[in-house]
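Spelled out from the first residue to the last, the chains are:
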Amino acid sequence: MSYLENPVSLCYTIFCITICISQIQNPEEPALKETLTIAPAEIDRQLFYCDRIRARLAERPGQKKAFVDTYGCQQNEADSERLRGYLARMGYSFTDTEEGADLVLLNTCAIREHAEQRVFGNVGALSHTKRRHPAQIICVCGCMARQDHVSKRLKQSFPYVDLVFGPQLLWQFPELLLEKLDGGKRVFATDDVPGTVAEGVPVVRQNDIKGWVSIMYGCNNFCTYCIVPYVRGRERSRRPEDILAEVRELARAGYKEITLLGQNVNSYGKDLDLGVDFAWLLEQVNEVPGEFVIRFMTSHPKDAGERLFDVMARCEKVAPSLHLPFQSGSSRVLKAMNRHYTRESYLKLVHQLRARIPDVVLTSDVIVGFPGETQEEFEETMSLIEEVRYDALYTFIFSPRRGTPAEKLEDPMPKEQKSANFQRLLKRQNEISGEKHRAYVGGTYRCLVDGVGTDGRLSARTVGGRLIHLEGSASLVGTWQQARISDSSTWALFGDLV
Ligand code: SAH
Ligand code: SF4
Ligand code: F3S
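This one's a predicted model, so the numbers in the text were calculated from it and none came from an experiment.

1. A closer look at the site of ligand 1
Here comes step 1: Taken together, 15 residues form the shell around ligand 1, and within it Arg112, Gln263, Gln327, Asp365 and Ser399 come nearest.
Here comes step 2: Contact distances for ligand 1 include 2.7 Å between an oxygen atom and a side-chain N or O atom of Gln327.
Here comes step 3: Between ligand 1 and Arg339, the relevant distance is 3.4 Å, taken from an oxygen atom to a side-chain nitrogen or oxygen of the residue.
Here comes step 4: Relative to its free-state accessible area of 550 Å², ligand 1 is covered by the protein chains to the extent of 90%.

Following this line, the structure appears as C-alpha cells:
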C-alpha cells in the first residue's frame, strides 16, 4: 500500500505541510492548484526512515551498493543528487553499473519518445540482472513515472520493478522504500498530487567544481508540444533565503561554477508574493563571496528582457552567455506552440541582449516538424538561425507526447521531409558554430579547467561556456586559467595554457 492509499500516513502528511495556492496562468489546463511546502519535521521523519533502512541493511554483511541512472535535463541531475543524498544516509555506497547493485534507481525523462524508449529498454534489461541478484530492489522515478500509461505498463509488464514514484514525491523516497522493504509488496506512488517544495533533503553532489541549484520547480507555460507541465506540476519558486544559503555553501566549499535551474527561470518569484524576480535573485547571488561563475537555464523569451540583460551585463560573476530557446522561426508556428512571442519580438530581444553584451555566447533549442509546419515555415527557421548566428543549437524533431494538445494536431508533412529539413538545419548550424569558433583562434581567454579527457588532455570552459581542449597537468582541474587558442572545430577550441 502506498502512502496515498494509507490514511494514517496521509493524514500525518497533510498535518505536517502548509498549503498555499500558487498562481495559475492558464485556467484551461489541468487543475493542479496547490503547492505543498513540505515542513522541516516531515523531512526529519524521512531522515528517521533512512536510519531505519540503514539499521536493516547493517543486519546483512557487506557494503550495500546503489546505482542511480539519470536521464533527461539538469533538473533531473539535481534531483538525482538529492536521491543520492538520501541513499547515502541509508548507508548505500555508489556504483556505476546495475550489475550486482543492491538497489537500482532510474530517474527518468519523458520529453521525447526516444527518451522513453531508452528507459523501457533499460528496465527490460534489468530482468537479467535481477535474475542474477534476486534481492536487487528496482525503483523507477522521475517524469516518466508520473504518466499514467507508463505506471500502468510498469505495473503490468515489468513485475520485478519494486517502487515507482513521480517527481512530486521525491522528498518521500525513504518512506516509500521502507514501505516496500517492510511490506514486501510493490509500491506505486504515481498519483497526480500537487507540486512540492522541500528544503533540507540531503545532497550528494556528482561534481565538486560545478554545482546545480534548483531555484524553482514545474512549469506554467503549457507549450502545446511539451509534457513537462503535466509531469512536473505548476511553477513554484524556492524562497530566496534557501537558495542563497545553498549558493553560499557551494561557494564556501570552493565550487567554481554555479548553475541556477528552472524550466523558466525568468518567472522566478511570481508565486512568492515577496516582490522579487529573477534579475533581483541574480544580483543577490552575484553578491555571494567566492571565485565562481554564475550560469542559469532556461530562459523563456516571453519573460526575458532588458532588465535581465542589464543585470547580466552589470554582475561580474554572471557568465556572458544565454540559452534562449526559440523553437521556431515562424510566428504562425510559435502561436500554435503557445509560446507567446513572435519571430520579430524574439529578434528584438537578441538585439537588446547583444547591445549590452556584444560577445555574449548565445545558444538555443529548436523543434523541426511541429505538426502543420509547412516548408515555407521551416525556411523561416533556417533564415532565423542565419540572422542570429547562434554559437550552438540543440535541434529536435517533433515527438508527439500523450495528452498534449499538439498530439492531436494534423501532421501532414512526411517523415522523410522532416528528417531532410532536420539534417539541413544541423549541417548549416554546424558550419555557423565552426565559423564562430574560428573567430576565437589567436585570442586568449579565461577558462575553468573542469576535467581530464580520455585522451589525457584537459578540458576547460570559457566563461561564456565554450569547450577548450588543453595540454596540461591534471592538478589544474578546478582552477581558473588563461588559455591561448590555436585551433578550433565545430565542437571545440584547442589551445595552450598561458
Ligand atoms: N523549459 C525549457 C525547455 C525544456 S525541454 C524551455 O522552455 O525552453 C528542452 C527542449 O526540448 C525544448 O526547448 C524543446 O526544444 C524540446 N522539446 C520539448 N518537447 C518536445 C517534443 N515534444 N518534441 C520535440 N522536442 C521537444
Ligand atoms: Fe515545456 Fe514550454 Fe515549460 Fe519549457 S516553457 S518546460 S518547453 S511547457
Ligand atoms: Fe525530461 Fe522531465 Fe527534464 S521530461 S527534460 S527530465 S523536466
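Having seen the model, we can carry on.
2. Quick notes on the packing of aromatic side chains
Here comes step 1: Inspection of the entire model under this criterion finds 12 aromatic pairs.
Here comes step 2: Seen in terms of ring centroids, Phe278 and Phe296 are 5.0 Å apart; in terms of plane orientation they differ by 65 degrees. Their pairing is edge-to-face. One end of the pair, Phe278, is in helix H9 (residues 278-287); the other, Phe296, is in strand E14 (residues 293-297), and 18 residues separate them in sequence. The pair formed by Phe278 and Phe296 is uniform in burial state, with each residue classed as buried.
Here comes step 3: For the ring pair Phe326 and Tyr390, a centre distance of 5.4 Å and an interplane angle of 10 degrees mean the geometry is stacked. Note that Phe326 is positioned in the loop between strand E15 (321-323) and helix H11 (331-336) and Tyr390 in the loop between helix H13 (375-388) and strand E17 (392-397), a separation of 64 residues in sequence. Residues Phe326 and Tyr390 agree in their burial class; the two are buried.
Here comes step 4: Ring pairing ties together the aromatic residues Phe326, Tyr341, Tyr346 and Tyr390, which thus form one cluster.
Here comes step 5: Residue placement shows Lys155 over the ring face of Phe188; its charged tip is 4.9 Å from the ring centre.
Here comes step 6: A cation over an aromatic ring shows up here: Arg446 above the ring of Trp480, its NZ or CZ 4.0 Å from the ring centre.

3. Comments concerning the pairing of strand E16 (residues 361-368)
Here comes step 1: The buried count for E16 comes to eight of eight residues, which makes it a mostly enclosed element.
Here comes step 2: Alternating positions in E16 separate into two faces, Val361, Thr363, Asp365 and Ile367 on one and Leu362, Ser364, Val366 and Val368 on the other, with burial throughout.
Here comes step 3: Taken together, the three bridges between E15 and E16 define a ladder with parallel strand orientation. Bridged to Leu322 within E16 is Leu362.
Here comes step 4: Pairing between E16 and E17: six bridges, direction parallel. The residue bridging Asp365 from the neighbouring strand is Tyr394, located in E17.
Here comes step 5: Remark: the E16/H13/E17 crossover connection has right-handed handedness.

4. With respect to the nonpolar core
Here comes step 1: Judged by nonpolar contacts, the single largest core of 67 residues is most densely connected at Leu260, Phe278, Leu282, Phe296 and Met312.
Here comes step 2: When near neighbours in sequence (up to four residues on either side) are disregarded, Leu282 contacts Leu260, Ile294, Phe296, Leu308, Val311, Met312 and Val318.

5. Brief notes about helix H3 (residues 74-90)
Here comes step 1: Over its 17 residues, H3 extends 24 Å from the first C-alpha to the last, a length consistent with the 24 Å expected when each residue adds 1.5 Å.
Here comes step 2: Positive phi appears at Gly91, one or two residues downstream of H3, with a value of about 105 degrees.

6. Examining the packing of helix H8 (residues 240-252) against H9
The relative placement of two packed helices is expressed as an angle between their axes plus a distance between the axes.
Here comes step 1: Here H8 crosses H9 at 35 degrees, and the two axes come no closer than 10 Å. At the point where H8 passes H9, the crossing takes the right-handed sense. Between H8, through Pro240, Ile243, Leu244 and Val247, and H9, the contact on the second element is made entirely by Trp280, Leu281, Gln284 and Val285.

7. As for the site of ligand 3
Here comes step 1: All residues in the neighbourhood of ligand 3 are listed as Cys73, Asn76, Cys109, Ala110, Ile111, Cys143, Val228, Arg232 and Gln263.
Here comes step 2: A breakdown of the residues in the shell around ligand 3 according to their chemical character gives six nonpolar, two polar and one charged.

8. Remarks on the pairing of strand E22 (residues 493-497)
Here comes step 1: Of the pairings in the sheet, the one linking strand E20 (residues 467-470) to E22 comprises three bridges and is parallel in character. Bridged to His469 within E22 is Phe494.
Here comes step 2: By the bridge criterion, five bridges tie strand E21 (residues 480-488) to E22 in an arrangement that is antiparallel. By the bridge assignment, Asp487 is partnered in E22 with Phe494.
Here comes step 3: The turn linking E21 back onto E22 is made up of four residues.

9. Looking at the state of the cysteines
Here comes step 1: The full count for this structure, using the stated rule, is zero disulfides.
Here comes step 2: No disulfide involves Cys50; its sulfur sits 13 Å from that of Cys139, the nearest cysteine.
Here comes step 3: Among the residues examined, Cys50 registers a relative accessible area of 0% and is labelled buried.

10. Quick word on the sheet that holds strand E10 (residues 210-214)
Here comes step 1: If you walk across this open sheet you meet the three strands as E10-E13-E14, and the pairing is parallel. Unpaired on one side and paired on the other, E10 and E14 mark the two borders of the sheet. Averaged over all neighbouring strand pairs, the angle between strand axes comes to 25 degrees, with direction disregarded.
Here comes step 2: Across five bridges, strand E13 (residues 257-261) lies against E14 in parallel orientation.

11. Points about unusual backbone geometry
Here comes step 1: Cis peptide bonds are those with omega within 30 degrees of zero, and the linkage from Met297 to Thr298 qualifies with 5 degrees.
Here comes step 2: In this structure, Thr298 sits in the loop between E14 and helix H10 (306-314).
Here comes step 3: The phi dihedral of Phe222 falls on the positive side, at around 45 degrees, and the residue is not glycine.
Here comes step 4: Owing to a relative accessible area of 5%, Phe222 belongs among the buried residues under this scheme.
Here comes step 5: With a phi angle near 65 degrees, His340 is a residue other than glycine that sits in the positive phi range.
Here comes step 6: Among the secondary structure elements, His340 is positioned in the loop between H11 and helix H12 (343-356).

Criteria and thresholds
- Residues numbered from 1 in each chain as written.
- Chains lettered and ligands numbered in written order.
- Predicted model: local features only at pLDDT ≥ 70, side-chain atom pairs only at ≥ 80, totals over all residues.
- Heavy atoms only, no water.
- Near = heavy atom within 4 Å.
- Polar contact = N/O pair within 3.5 Å; in protein donor to acceptor, adjacent residues only side chain to side chain.
- Areas by Shrake-Rupley, 256 points an atom, 1.4 Å probe, with all protein chains shown as cover.
- Phe/Tyr/Trp six-rings, centres within 6.5 Å; stacked < 30°, edge-to-face > 60°.
- Helix = DSSP H or I, 4+ residues; strand = E, 2+ residues; numbered from the N terminus.
- Buried < 20%, exposed > 50% of the residue type's maximum accessible area, 1.4 Å probe, protein only.
- Lys NZ or Arg CZ within 6 Å of the ring centre and 35° of its normal.
- Pairing = 2+ DSSP bridges.
- Right-handed = clockwise from strand over helix to strand, strands pointing away.
- Core = buried A, V, L, I, M, F, W, Y, C linked by side-chain atoms within 4.5 Å.
- Contact = heavy atoms within 4.5 Å.
- Expected span 1.5 Å × (residues − 1).
- Axes fitted to C-alpha atoms, helices over the stretch in contact; angles between N-to-C directions.
- Left-handed = near helix turned anticlockwise from the far one by under 90°.
- Nonpolar A, V, L, I, M, F, W, Y, C, P; charged D, E, K, R; others polar.
- Disulfide = S-S within 2.5 Å.

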